[in-house]
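Residue-level structural notes
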Amino acid sequence: MEYSKLGLEHFTPDYTHYFHALPEHVRDTLVPQQWQLHKGIDTDTISAIHDELYRRTLNGGWPDATLTPGVGVRTAGRLSGNGNRIELHLEHTQQATRSRLTTDAVVLATGYRERPLDTLLTGIAPHIRRDTQGRPRIHTDFRLDLDPTLTGNIYVQNAERHTHGVGAPDLGLAAWRSATILNNLTGTDPYPLPQRTAFTTFGLTPHTAPGIPSQGATHTPLTRAN
C-alpha cells in the first residue's frame, strides 16, 4: 500500500477540493487507479511479518507459515465428521491451477460493499440531480444536489467517493467533514477550517472550500541550496 507521507496527502481537504473540481470523466478514471492508496498491506505490517519469519530461521529451521499471493478462495465449507475443520478450494489466478487446504480457522478480511443511496432516499429520488452515470451529484460541502422544489438540505458522508475522491470513507477526515457540514448548516463558522492542509499543490489552479479565500496561484520551485 502506498503509505508515504506525500502519498497520504491524497487524504486531505486540499485534495478533496481539487478532486471535486475535476470533470466527471476524469474523476471516474482516477478512482480505480488509486486503489494502492487504500487497498493493501501497509509497510510496517509486512515488515514485521518478514522480521518474524526471518527470526524463526536463525537456528537452522524454517518458519511453519505459508504466504500465497495471487491465490483466491473459490469455496469454503466445514468437513463432515472432522470436528470444526474447514476445507478451502483455492485457485491461483496467474497459474490457473487449483488446490485444496484444510484448516482450523479462517479469518474473513473481505472489506465491505458500498451500497447506493437510492433505497434510503426512495421518497425523494425524482428530486435528486444526478451525473451521467446516474449517481447523485454532491456539492463540495457534502450537500445533495436537489431540485428547487425541495426546501432544506440533505448531507451525506461516505457516499461521495465519485465526487470527493478516495478520502470519502477515510475516518481521518471525519472531523473535517463534520465541521464542514455544521458550518454550512448553521451559516456560521463555529469550526474555522484551515486554508491549507497539504504541502502538495494539486493542480495549477488552486481550489479551496467555499468561504475560504484562495492563496493565489504563486508557485515557488524547489531548489537545492548551495
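As a reminder, the structure under discussion sits directly above these lines.
Residues numbered from 1 in each chain as written. Predicted model: local features only at pLDDT ≥ 70, side-chain atom pairs only at ≥ 80, totals over all residues. Heavy atoms only, no water.

**Some remarks on the sheet that holds strand β2 (residues 86-92)**
- Taken together, 3 strands build an open sheet; the order of strands is β1-β2-β3 and the sheet is antiparallel. Bordering the open sheet on either side are β1 (71-78) and β3 (97-103), each of which pairs with just one other strand. Pairs of neighbouring strands in the sheet enclose a mean axial angle of 20 degrees, with direction left out of account. (Pairing = 2+ DSSP bridges. Helix = DSSP H or I, 4+ residues; strand = E, 2+ residues; numbered from the N terminus. Axes fitted to C-alpha atoms, helices over the stretch in contact; angles between N-to-C directions.)

**Quick word on the packing of helix α1 (residues 13-20) against helix α2 (residues 24-33)**
- With their axes 10 Å apart at the nearest point, α1 and α2 run at an angle of 135 degrees to one another. By the angle between their axes, α1 is oblique relative to α2. Residue-level inspection shows Tyr 15, Phe 19 and His 20 of α1 in contact with α2, the latter providing Arg 27, Leu 30 and Val 31.
- Broken down by class, the residue content of the contact of α1 with α2 amounts to 4 nonpolar, 1 polar and 1 charged. (Parallel < 35°, antiparallel > 145°, perpendicular 65-115°, else oblique. Contact = heavy atoms within 4.5 Å. Nonpolar A, V, L, I, M, F, W, Y, C, P; charged D, E, K, R; others polar.)

**A few points about the packing of aromatic side chains**
- Enumeration according to the criterion identifies 5 aromatic pairs in this entry.
- Of the aromatic side chains, those joined through ring pairs into one cluster are Tyr 15, Tyr 18, Phe 19 and Phe 202. (Phe/Tyr/Trp six-rings, centres within 6.5 Å; stacked < 30°, edge-to-face > 60°.)

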